[in-house]
Amino acid sequence: MGLRDKKRNQRRVLSRRSAGPKTGEGKDFLPLEGKEQRVREKKQPEEPESTATVLYIGHIPHGFYEDQMQGFFQQFGAVKRVRVARNRKTGKSKHYGFIEFENPEVAKIVADEMNNYLLFEHTLQIEPVPPEKVHAKLWKGVRKGFIPVDRVAIERKRLSKDKTVEEHKKMLEGIVKRDEKRRKRIKAAGIDYECPVLIYSYLHSLTGFK
């Protein structure tokens with residue numbers, strides 16, 4: 001290749017570099033401005049606004065009851081009502097409960113931030129309860145507080161009340177039947193023992209039991 005040919009090729013390369021891209025070239029590359037516009041045009045789906053004000057709280061530790069929960073969660077916002085599930089007989093906590101806030105936004109913040117929160121070696125489980133799933137009797141009697149049933153007083157009253165003639169007769173029949181079974185078991189065991197005679201003259205005068 002001669003000197004003239006070399007110079008001619010150099011001029012061709014320079015002319016191609018200085019010239020703009022031909023039609024159809026550069027289609028695989030898009031400018032940044034166009035790409036940003038497309039991203040903006042794609043609208044992200046918005047999360048539905050939460051309207052729940054009641055939260056379920058699970059794994060409640062011992063000693064963290066109504067008053068303690070009221071004072072603890074007031075740092076997030078106004079607390080409307082608190083209820084801890086309790087045993088009807090003993091009044092002991094079942095370690096779960098419900099809390100209601102006045103503002104649904106506050107309830108959402110508490111559910112997001114306090115779920116899986118470690119408190120007294122217990123991991124709290126907090127979930128929002130949709131309004132349509134809140135039981136109608138959830139807050140029944142919550143203002144009065146929990147009053148455990150005094151089973152001892154109920155049983156004492158039942159045993160201390162005056163019995164009717166029929167009740168006395170039924171009681172006496174049970175005593176005689178149990179005494180007869182006891183005598184038979186002693187005799188079957190080969191024990192030579194004379195059981196004392198039952199004295200029920202007073203009951204006999206009331207019931208006419210023979």
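Calculation criteria
- Numbering of residues begins from 1 in every chain and follows the order in which that chain's sequence is written.
- Predicted model: local features are reported for residues with pLDDT of at least 70 only, side-chain atom pairs are reported and counted for 80 or more only, and whole-chain, interface and lining totals are derived from all residues.
- Heavy atoms from the whole structure form the basis of all side-chain values; hydrogens and water molecules are not counted.
- UniProt positions are given in the numbering used here, feature names are shortened, and annotations may be inferred rather than shown by experiment.
- If DSSP finds at least two bridges between two strands, the strands pair.
- Per the convention used, a helix needs a DSSP run of H or I reaching at least four residues, while a strand needs a run of E reaching at least two, with both numbered from the N terminus.
- Criterion for a salt bridge: a side-chain nitrogen of Lys or Arg within 4 Å of a carboxyl oxygen of Asp or Glu.
- Three labels apply to residues, based on accessible area from a 1.4 Å probe with only protein chains included: buried if under 20% of the type maximum, exposed if over 50%, partly exposed otherwise in between.
- A fitted line through C-alpha atoms serves as each axis, taken over the contacting stretch for helices, and the angle formed by two N-to-C directions is quoted from 0 to 180°.
- Two residues qualify as a contact provided that any one of their heavy atoms is within 4.5 Å of a heavy atom in the partner residue.
- Throughout, nonpolar core names a set of buried Ala, Val, Leu, Ile, Met, Phe, Trp, Tyr and Cys residues whose side chains join them through atoms within 4.5 Å.
- A helix's residues, less one, multiplied by 1.5 Å, set its expected span.

With an unreviewed UniProt entry as reference, the protein is termed RRM domain-containing protein, source organism Aegilops tauschii subsp. strangulata. Recorded under Subcellular location (unreviewed entry), the UniProt text for the protein is reproduced unchanged: "Nucleus, Nucleolus".

Q: Quick one: what's the story with the pairing of strand S3 (residues 93-101), residue by residue and with numbers?
A: In this sheet, S3 lies alongside strand S1 (residues 54-58) in antiparallel orientation, the contact comprising 5 bridges. Of the residues in S3, the one forming a bridge with Ile57 is Gly97. As defined by bridge partners, strand S2 (residues 79-86) adjoins S3 across 6 bridges and the pair is classed as antiparallel. Note on S3: the bridge partner recorded for Val79 is Phe101. As consecutive antiparallel partners, S2 and S3 are separated by 6 residues, and within that stretch Gly91 has a phi angle of approximately 80°, a positive value.

Q: With reference to specific residues and values, describe the pattern of salt bridges.
A: Tallied over the full model, the rule gives 6 salt bridges. We note a salt bridge from Arg81 to Glu100, for which the minimum N-O separation is 2.7 Å. Remark: Glu100 occurs in strand S3 and Arg81 occurs in strand S2; sequence separation between them is 19 residues. Taking the shortest distance from any N to any O, the salt bridge between Arg182 and Asp179 comes out at 3.3 Å. Highlighted residues: Arg182 and Asp179, both in helix H6 (residues 165-188), separated by 3 residues, approximately one helical turn. Taking the relative accessible area as the measure of exposure, Arg182 reaches 40% and is therefore partly exposed. Judged by relative accessible area, Asp179 falls into the buried class, the value being 11%. One network of salt bridges, with partners in common, ties together Asp179, Arg182 and Arg183.

Q: For unusual backbone geometry, give the residues involved together with the corresponding values.
A: Although it is not a glycine, His59 adopts a positive phi angle of roughly 60°. Looking at the secondary structure, you find His59 in the loop between S1 and helix H3 (66-73). Although it is not a glycine, His95 adopts a positive phi angle of roughly 70°. Here His95 lies in strand S3.

Q: Explain the sheet that holds strand S6 (residues 125-129) to me, and be specific about the residues and the numbers.
A: The 4 strands are arranged S2-S3-S1-S6 in an open sheet whose pairing can be described as antiparallel. The open sheet terminates on both sides in strands that have one partner only, identified here as S2 and S6. Averaged over all adjacent pairs, the angle separating strand axes in this sheet is 20°, with direction ignored. Each of S1, S2, S3 and S6 is contacted by H3, which is oriented at about 145° to S2, the strand it contacts most. Relative to S6, helix H4 (residues 104-114) is tilted by about 150°, and along the sheet it contacts S1, S3 and S6.

Q: Explain the nonpolar core residue by residue, including any values.
A: Counting residues in each nonpolar core, the largest one holds 19 residues, and the members touching the most others are Leu55, Ile57, Met69, Phe73, Ile99, Phe101 and Ile126. Within the residue set of this core, elements represented by two or more residues are S1, H3, S2, S3 and H4. Counting residues per element, this core draws most heavily on H4, at 5 residues. If sequence neighbours within four positions are ignored, Ile126 has contacts with Leu55, Tyr56, Ile57, Phe73, Val110, Ala111, Met114 and Asn115.

Q: Explain H6 residue by residue, including any values.
A: The end-to-end C-alpha separation of H6 is 35 Å, in line with the 34 Å expected for 24 residues at 1.5 Å each. Among the residues making up H6, those that are buried are His168, Leu172, Gly174, Val176 and Asp179. Of the residues trailing H6, Gly190 is marked for its positive phi of about 80°.

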